[in-house]
Amino acid sequence: MIFEINFKSGKPIYLQLVDQIKAAAASGAMRAGEALPSIRPLAEELRVNRNTVAKAYSELENLGVVETQPGRGCFLRGNNAALRKEVRRRLLIVEIDQALVQAHHLQVSRKELLELIHERMAALEEKRRANEDGKDA
Amino acid sequence: MKDSTAAIQIDELSYAYGQAEAVRKLSLTVRPGRCYGLFGRNGAGKTTTMKCLLNLLRPKSGQVSVFGIDPAKDEVAVKRRLAYVPDQVAFYPWMTIRETLDYLASFRKNWNVKTQRELLNRFRLEPAQRTGDLSKGQRTQVALIAAVCPETELLVLDEPTSGLDPIVRREFIETVIGAYQEGHPNSRTIFVSTHLISEFEGLIDEFTIMDSGRAVLTLEADEARERYRRIRARFAETPPKLEADGALSVRTEGREVEIVANGSTLAIAQRLRAQNPEAISTESLTLEEIFVATLKS
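Here the structure is a predicted model, which is why all the values come from computation and not from measurement. (Residues numbered from 1 in each chain as written. Chains lettered and ligands numbered in written order. Predicted model: local features only at pLDDT ≥ 70, side-chain atom pairs only at ≥ 80, totals over all residues.)

Participant: Can you help me understand the overall build of chain B in this one?
Facilitator: Across its full length, chain B carries 10 helices and 13 strands. Viewed in the frame of its principal axes, chain B has a C-alpha envelope of about 70 × 45 × 40 Å. (Helix = DSSP H or I, 4+ residues; strand = E, 2+ residues; numbered from the N terminus.)

Here it is, written out as structure tokens:
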């Protein structure tokens, strides 16, 4: 997988790595049993401190996202559906919060916003149904 | 406070060349296993500080110690535990690269021959070439090989990448991360001075910004990026006059305001929001931007 470090995000670098791997696991970009890149080449490629990558990996291990097999490397664990749900929720929360902040700036009221969400969900459903109908035809 | 577990401990260090004060009451601590950046403009006192650590200069006042050892009292013991890449690399020009590395290895108890071979290949250096015929970048590469192979607990780098082309600079940093940091995490400490901060950004754990011989800011890199933020807001009309408490700088351009904040981002953003902006965003400053903002304010 390809990582991206953003020094302007204000988020500690090791946490950026942790979140990106969690996101890859939740979205299916990484599958159970797949190996994480080795620490040294990844650190070299991103030009970040080795200890930073090692810290990210040990954090992921503590969270049960990956497991280290001595001498072989770090692998994504399977069967962490509960965690994946939690990760998925957290990813969504970030997006929702951004929308809420934006709504605040645009002076869209709470009621209006909730209505808008329902409206968009309906619109999306409509679109999906239309697609399926198209497939049937 | 003296900390014998520190890789480098500098207490109230002062040094002057004649009447010209180069370092004034500088204090800092580098813990083992860390990568510590010493940032400053040319002439800020970075090289003088490093020379005091190596006993190339004697402090006029204050103390320096490396692994608890005073370099002036036991220079050999200090030099055994560190490797140094100076800003101006000089070798005996009549020696070949191989002879130079053999010569330097003869002073070391430990020398990783495999690393030497790998790095000579990586840098595409011809061991039979005389060092006098090398480019500045190639001389720095040889110096880096000589600094990495002894696998010392401390690596001191003085402006290691200035004057080198971007490819060589990139390889230099990758080598420090890859070959040097390969060892036990707590026994690989890096102390690097540079004004090319963005290149070392990902490597730096903690840093001190020096100006005119003084430490003006010491922070953890992650904490610095969290504290120093740029807030941009756009208004429907000319922005209202804002109280600039806690702001490092405020710039207004048409309907937009840009504020650089140190630690009070939330309060400033709240004050901006109270003025009903059309849009507002924040981002962290990079270490280089923090450096510039600190020295300009």
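Next comes the rest of the account.
Participant: Which parts of the structure should I look at to understand the sheet that holds strand E11 (residues 247–253) of chain B?
Facilitator: Sheets are built from strands paired through backbone hydrogen bonds, the pairs being either parallel or antiparallel. Residues and elements named next belong to chain B. The 4 strands are arranged E11-E12-E10-E13 in an open sheet whose pairing can be described as antiparallel. Two strands in the sheet have a free side with no partner beyond their single neighbour: E11 and strand E13 (279–284). With strand direction ignored, the average angle separating the axes of adjacent strands in the sheet is 15°. (Pairing = 2+ DSSP bridges. Axes fitted to C-alpha atoms, helices over the stretch in contact; angles between N-to-C directions.)

Participant: Looking at this model, I keep getting lost on the packing of helix H1 (residues 13–27) of chain A against helix H3 (residues 50–62) of chain A. Mind explaining?
Facilitator: The angle between the axes and the distance between the axes are what describe a pair of packed helices. Residue and element names in this part refer to chain A. Relative to each other, H1 and H3 sit at 45°, their axes nearing to 8 Å. In terms of orientation, H1 and H3 fall into the oblique class. Remark: the crossing between H1 and H3 carries right-handed chirality. Where H1 abuts H3, its residues Ile13, Tyr14, Leu17, Val18 and Ile21 lie against Thr52, Val53, Lys55, Ala56, Glu59 and Leu60. (Parallel < 35°, antiparallel > 145°, perpendicular 65-115°, else oblique. Left-handed = near helix turned anticlockwise from the far one by under 90°. Contact = placed C-beta atoms within 7 Å.)

Participant: What's the story with the domain arrangement of chain B in this structure? I'm lost.
Facilitator: Interface size is often expressed as the accessible area that is lost when the parts come together. All names here are of chain B. Looking at the assigned domains, one finds that chain B contains domain 1 (8–212) and domain 2 (224–296). The C-alpha-based centres of domain 1 and domain 2 are spaced at 38 Å. Taken residue by residue, the interface counts 8 residues in domain 1 and 6 residues in domain 2. Looking at the side of domain 1 that touches domain 2, the elements with two or more residues in it are helix H7 (197–200) and strand E8 (206–211). Looking at which element gives the most residues to the side of domain 1 that touches domain 2, the answer is E8, with 3 residues. The residue makeup of the side of domain 1 that touches domain 2, split by class, is 5 nonpolar, 1 polar and 2 charged. (Domains from an automatic or database assignment. Nonpolar A, V, L, I, M, F, W, Y, C, P; charged D, E, K, R; others polar.)

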